[in-house]
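# An overview of the molecular structure
What follows is each chain in one-letter form.
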Amino acid sequence: MVGFTLEGSIKRAEKMLRNMADPEIVSADKVIPTTLLRHCEAVAFITIFKAGLFMIGGNVGAGCIIAKIPDSDSPEGYRWSGPAAVACGGL
């Protein structure tokens, strides 16, 4: 199942970032502010699936996370890490 692999998560995250940067798809008030990205420590991309029947429900999700790593050679003072897989679930 491609959706729950790290490769699938990376492809979804890349598509999400490209779409969020495209002014034809996302209006200016829906874009992630650059100041927020500048000051964050990591960014997580998680897709969550929810299901329920009567009074019982549950959810499961998977995605990837990238973190900032200090790097004195970079103009920004940091670089982005490689992606790491993350999963979550609950009732």
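Just above, that's the structure.
Notes on the structure follow.

Rules and cut-offs
- Residues numbered from 1 in each chain as written.
- Predicted model: local features only at pLDDT ≥ 70, side-chain atom pairs only at ≥ 80, totals over all residues.
- Heavy atoms only, no water.
- Helix = DSSP H or I, 4+ residues; strand = E, 2+ residues; numbered from the N terminus.
- Buried < 20%, exposed > 50% of the residue type's maximum accessible area, 1.4 Å probe, protein only.
- Contact = heavy atoms within 4.5 Å.
- Phe/Tyr/Trp six-rings, centres within 6.5 Å; stacked < 30°, edge-to-face > 60°.
- Lys NZ or Arg CZ within 6 Å of the ring centre and 35° of its normal.
- Core = buried A, V, L, I, M, F, W, Y, C linked by side-chain atoms within 4.5 Å.
- Expected span 1.5 Å × (residues − 1).
- Arc of directions from axis to C-beta.
- Salt bridge = Lys/Arg side-chain N within 4 Å of Asp/Glu carboxyl O.

It is worth spelling out the side chain of Asp-71 at this point. Residue placement: Asp-71 occurs in the loop between β2 (56-70) and β3 (78-80). Take Asp-71: its relative accessible area is 18%, and that puts it in the buried class. The residues contacting Asp-71, other than those within four sequence positions of it, are Gly-77, Tyr-78 and Arg-79.

Within this structure, the stated rule accounts for 1 aromatic pair. Pairing Tyr-78 with Trp-80 gives two aromatic rings, centres 6.0 Å apart and planes at 85°, and the pair type is edge-to-face. Judged by its relative accessible area of 34%, Trp-80 falls in the partly exposed class. A cation sits over an aromatic face here: Lys-68 above Tyr-78, 4.3 Å from the ring centre.

The phi angle of most residues is negative, glycine excepted, and most peptide bonds adopt the trans form. Although it is not a glycine, Phe-54 adopts a positive phi angle of roughly 60°. Looking at the element boundaries, Phe-54 is found in the loop between β1 (42-53) and β2. On the basis of relative accessibility, which here comes to 81%, the residue Phe-54 falls in the exposed class.

Our focus in this paragraph is the nonpolar core. By size, the foremost hydrophobic cluster in this structure holds 6 residues: Ala-13, Cys-40, Val-43, Phe-45, Cys-64 and Ile-66. Mapped onto this core, the elements with two or more residues apiece are β1 and β2. Setting aside chain neighbours within four positions, we find Val-43 in contact with Leu-37, Cys-64, Ile-65, Ile-66 and Trp-80.

Below, the discussion takes up helix α1 (residues 6-21). With 16 residues, α1 should cover 22 Å at 1.5 Å per step; its first-to-last C-alpha distance of 23 Å lies within 8% of that length. The complete set of buried residues in α1 reads Gly-8, Ser-9 and Ala-13. One side of α1 holds all its buried residues, which, seen down the axis, span an arc of 135°. In α1, the exposed positions angled more than 90 degrees off the buried face are occupied by Glu-7, Lys-15, Arg-18 and Ala-21. Looking at the packing, one finds that the buried side of α1 touches β1 and β2.

Within the structure shown, the criterion is met by 2 salt bridges. In this structure, Lys-11 engages Glu-7 in a salt bridge whose closest nitrogen and oxygen atoms are separated by 3.3 Å. Placement of the pair is Lys-11 and Glu-7 together in helix α1, with a separation of 4 residues, close to one helical turn.

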